[in-house]
Amino acid sequence: MHRLLAFATLSILCAGVACDRLNAVRPAAQEAAPSALAAIDPAKLPVVDAQLGHAPQAAPATGRREPARVIVKLEVKELVKDLADGTQYTFWTFGGSVPGPMIRVRRGDLVELHLMNHPDNTMPHNIDLHAVTGPGGGATSTFTAPGHQTQFTFRALNEGVYIYHCATAPVGMHIANGMYGLIVVEPDEGWPAVDREYYVVQSEFYTHGDFREPGLQPFDMERAIDEDPAYVVFNGRDGALVGDRALTAKVGETVRLFVGNGGPNLVSSFHVIGEIFDTVYPEGGTPTLQDVQTTLVPAGGSAVVDFALQVPGTFILVDHSIFRAFNKGALGMLTVEGEPAPLIYSGREVDETYLGDKSPQAQELIEKARAGGDTLQARIERGKAVYLGTCSTCHQLEGQGLSSVFPPLAKSDFLMADRERSIHIVLAGLAGPIDVNGSRYDNVMPPFANLTDHEIADVLTFVRSSWGNGGDAIDESEVARVRAALPKVAREGHP
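Residues numbered from 1 in each chain as written. Predicted model: local features only at pLDDT ≥ 70, side-chain atom pairs only at ≥ 80, totals over all residues. Heavy atoms only, no water.

**Describing the packing of helix α10 (residues 419-428) against helix α12 (residues 476-485)**
Rule in force here: Note on method: axes are straight lines fitted to C-alpha atoms, helices fitted across the in-contact stretch only, with angles between N-to-C directions ranging 0 to 180 degrees. Helix and strand assignments come from DSSP, with helices taken as H or I runs of at least 4 residues and strands as E runs of at least 2, each series counted from the N terminus. Handedness of each helix crossing follows the sense of rotation of the near helix against the far helix: counterclockwise by less than a right angle gives left-handed, clockwise gives right-handed. The contact criterion used is simple: two residues touch if any of their non-hydrogen atoms lie within 4.5 Å. For this classification, Asp, Glu, Lys and Arg are treated as charged, while Ala, Val, Leu, Ile, Met, Phe, Trp, Tyr, Cys and Pro are nonpolar and the rest, including Gly, are polar.
In the contact formed by α10 and α12, the axes pass within 10 Å of each other and the chain directions differ by 65 degrees. Classified by chirality, the crossing of α12 by α10 is right-handed. Mapping the contact onto sequence places R419, E420, I423, H424 and L427 in α10 and E478, V479, V482 and R483 in α12. For the contact of α10 with α12, the per-class residue count stands at four nonpolar, one polar and four charged.

**Observations concerning the nonpolar core**
Selection criterion: Here the nonpolar core consists of buried residues drawn from Ala, Val, Leu, Ile, Met, Phe, Trp, Tyr and Cys, with membership extended through side-chain atoms lying within 4.5 Å. Buried means the residue's accessible area, taken with a 1.4 Å probe over protein chains only, is under 20% of the maximum for its type, while exposed means over 50%, and partly exposed covers the values in between.
Formed by 29 residues in total, the largest nonpolar core has its most connected members in L247, L257, F270, F277, F307, L317 and L334. What F270 contacts, discounting residues up to four positions off in sequence, is F234, L257, V259, F277, Q293, T294, T295, V297, V305, L317 and V318. Counting residues in each nonpolar core, the second largest holds 26 residues, with W92, I103, V111 and L129 among its members.

**A short note on helix α7 (residues 376-390)**
The cut-off we apply is this: Each residue after the first adds 1.5 Å to the expected span of a helix.
The terminal C-alpha atoms of α7, which comprises 15 residues, lie 21 Å apart, in line with the 21 Å expected from a rise of 1.5 Å per residue. All buried positions along α7 are accounted for by A378, R379, I380, E381, G383, A385, V386, Y387 and L388.

**Details of the sheet that holds strand β16 (residues 277-281)**
The cut-off we apply is this: For two strands to be treated as a pair, DSSP must find no fewer than two bridges joining them.
Strands sit in the order β12-β10-β14-β19-β16-β17 across an open sheet of six strands; the sheet is mixed. Looking at which strands have only one partner, the edges of the open sheet turn out to be β12 (231-234) and β17 (289-292). Averaged over neighbouring strand pairs, the angle between their axes works out to 25 degrees when direction is ignored. Pairing analysis gives four bridges linking strand β10 (residues 196-205) to β12, with the strands arranged antiparallel. Bridged to Q202 within β12 is F234.

**Description of the sheet that holds strand β13 (residues 247-250)**
The strand order across the open sheet built from five strands is β13-β21-β20-β15-β18, with neighbouring strands paired in mixed fashion. Both edges of this open sheet fall to β13 and β18 (294-297), since each of them pairs with a single strand only. Shown here is a sheet whose adjacent strand axes are inclined to one another by a mean of 25 degrees, direction ignored. Pairing analysis gives four bridges linking β13 to strand β21 (residues 331-337), with the strands arranged parallel. Residue pairing for β21: K250 is matched across the bridge by E337.

**A few points about the packing of helix α11 (residues 453-464) against α12**
Here is the rule: Comment on the angle field: the value is read as roughly parallel under 35 degrees, roughly antiparallel over 145, roughly perpendicular from 65 to 115, and oblique elsewhere.
Viewed as axis vectors pointing N to C, α11 and α12 meet at an angle of 120 degrees, and their least axial separation amounts to 8 Å. Here α12 runs oblique to α11, going by the angle between their axes. Between α11 and α12 lies a crossing whose hand is right-handed. Residues D453, H454, I456 and A457 of α11 touch α12, and the partners they reach there are E476, V479, A480 and R483.

**Quick word on the pattern of salt bridges**
Quick reminder of the rule: Any Lys or Arg side-chain nitrogen located within 4 Å of an Asp or Glu carboxyl oxygen qualifies as a salt bridge.
Applying the stated criterion to the full structure yields 22 salt bridges. Measuring nitrogen to oxygen at the nearest pair gives 2.8 Å for the salt bridge that ties R237 to D85. With R237 in the loop between β12 and β13 and D85 in the loop between β2 (69-84) and β3 (87-94), this pair connects stretches of sequence that are 152 residues apart.

**A short note on the pairing of strand β15 (residues 268-273)**
Of all six residues in β15, five are buried, a share of seventy percent or more. Examined bridge by bridge, β15 and β18 share four bridges and lie antiparallel to one another. For F270, the partnering residue across the bridge sits in β18 and is T295. Two elements, β15 and strand β20 (residues 313-319), share four bridges in a ladder whose sense is antiparallel. In the sheet register, I273 faces β20, and the bridge partner there is I316.

**A look at α10**
Here is the rule we go by: By the criterion applied in these results, polar contacts are pairs of N or O atoms within 3.5 Å in which, for protein atoms, one can donate a hydrogen and the other can accept it, and in which residues neighboring in sequence qualify only through two side-chain atoms.
Within α10 the residues assigned to the buried category are S422, I423, I425, V426 and L427. Its buried side turned inward, α10 meets α9 (413-417), β22 (430-436), β23 (439-445), α11 and α12. Measuring from the side-chain oxygen of the N-cap residue of α10 to the backbone nitrogen of E420 gives 3.2 Å; that N-cap residue is D418. Once α10 ends, the next one or two residues include G429, with phi positive near 80 degrees.

**Things to note about the packing of aromatic side chains**
Where we set the bar: The rule is short: rings of Phe, Tyr and Trp, with Trp giving its six-membered ring, pair when the centres are within 6.5 Å, and they are stacked under 30 degrees, edge-to-face over 60, tilted in between. In this scheme, the term charge over a ring applies when either NZ of a lysine or CZ of an arginine sits within 6 Å of the ring centre and within 35 degrees of the ring normal.
Scanning the entire structure with this criterion turns up 14 aromatic pairs. Where F270 meets F277, the ring centres are 6.1 Å apart and the plane angle is 10 degrees; that geometry is what we call stacked. Just as F270 is buried, F277 falls in that class too. For the ring pair F277 and F307, a centre distance of 5.9 Å and an interplane angle of 45 degrees mean the geometry is tilted. With F277 in strand β16 and F307 in strand β19 (residues 301-308), the pair connects residues that are 30 residues apart, well separated along the chain. Here F277 matches F307 in class, with each residue buried. Sitting above the plane of the F414 ring, R421 keeps its charged end 3.8 Å from the centroid.

**Structural notes on a nonpolar patch on the surface**
To be explicit about the condition: A patch consists of residues exposed above 30% relative accessible area that lack any salt bridge, with like charges linked at up to 9 Å and nonpolar side chains (Val, Leu, Ile, Met, Phe, Trp, Tyr) linked at up to 5 Å. The accessible surface values rely on the Shrake-Rupley method and a 1.4 Å probe; as for residues, cover is taken only from the protein chains in view.
Residues I322, F323 and F326 make up a contiguous nonpolar surface patch of roughly 300 Å² in combined accessible area. Mapping F326 onto the fold places it in helix α4 (residues 323-327). Judged by its relative accessible area of 37%, F326 is partly exposed.

**What about the pairing of strand β9 (residues 180-186)?**
Burial runs high along β9: seven of the seven residues are buried. Neither face of β9 is open: one carries Y180, L182, V184 and E186, the other G181, I183 and V185, and all of them are buried. Bridge count between strand β8 (residues 160-165) and β9: six bridges; the pairing is antiparallel. The residue of β9 that forms the bridge with I163 is L182.

**Overview of unusual backbone geometry**
Of note, the amide linkage connecting A55 to P56 takes the cis form, showing an omega dihedral of 10 degrees. Within the element layout of this structure, P56 appears in the loop between β1 (47-49) and β2. Here G263 and P264 are connected by a cis peptide whose omega angle stands at 15 degrees. Here P264 lies in the loop between β14 (254-263) and β15. Here the phi dihedral of K411 falls at roughly 45 degrees; this positive angle occurs in a residue that is not glycine. As for its position among the elements, K411 is in the loop between α8 (392-395) and α9. Located in the positive-phi region is N437, a residue other than glycine, with phi close to 50 degrees. Within the element layout of this structure, N437 appears in the loop between β22 and β23. N437 sits in the partly exposed class, given a relative accessible area of 36%.

What follows is the structure in structure tokens.
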């Protein structure tokens, strides 16, 4: 009993110290509750059409200091779009894009929302806006059949950044198919000015085929229930924010990212490699944090991050649940131009192998391969892009390996002796001692069954055609045959 009392007393004292520290670092302005909203006469409010933002561009600031009646019109469209290069998916969307448009209003505005369900659609839909105070967040007022439109009005009572999504049953399926976006409710005085604002929403897709498996992929309810996504991406597709689609800025500017998480299941650990967030609005709310490395964004939630840019280069946006970034697609780029600042950072530009198949070199190879169709040279170039992203860190850029650690692929007697074995190793991994070119290697190679059949065939064709190996091409039908013979592993749900 004495120990219990002592522990309770210590806990109370520690909690008191923690609260004192939190209060000490929180700006005084954050302590004050928002002022009460003044009464309005809807008939006397100015009427404005909402200016929407289409990802990755944020909606422009309202520029107002007085409330208005804001008209928001969203059309639901069901359409087939690219989920990855060579992979299509039937998306259900607000406005024809994933995420849907960013809506931006001011605290105190009266928002008149019109939801239109295109007559070619197959499903009824509605909208639940987390910024709404009222039953269903508007969902109960907007159940809309194809070829119909509905309308309701709400007052934006609370400032912040809020998710909106479809809430028609089965709710998870509607969200998983792309029906989400952000609504930003500006504070009375507006947001602090920055040079650039961008709109980024993370989400998962549960396809029957695995990551980057080609063709039109259907939704897989079992995978969704098990929380086992094939894709975790930014802005609705693999590669939405890389290469020519990367975000841009200049040294000396301040960038704000409105970050949402449509889910439907996973929490994001949002991080920008090589930057520190100067200010974070956790969960899109009012209190702020400073000097943050990684911020959590819950499913159905948001965060706002501001940071100044001191050096040029390519900065990588990731979900720091890191396999999602490099193996499921949750990776983007912010390209910053300007003069170097060697006293802040003296290093060179981001290493090609670090970005893997998202690097400029790999992207160039993929573009060349697209232009070449399905010729042998195009397959070799596609395979080289896969090699840069998946194999080169261990086996090195020229296939030379690392002495006594990773075996060489260049002039490899082990590789070339058995083509089916090489396919099996990529799919199932390899552990234990092997002899390559007269040297013993004893290490572990993980399986890469997440690669598609054509990716494995292309990368092995590249390796067999390079560095003095002199081999012939591998066909994806060979890979499919070896994959089919592998023991089936029961799929487990996300913890």
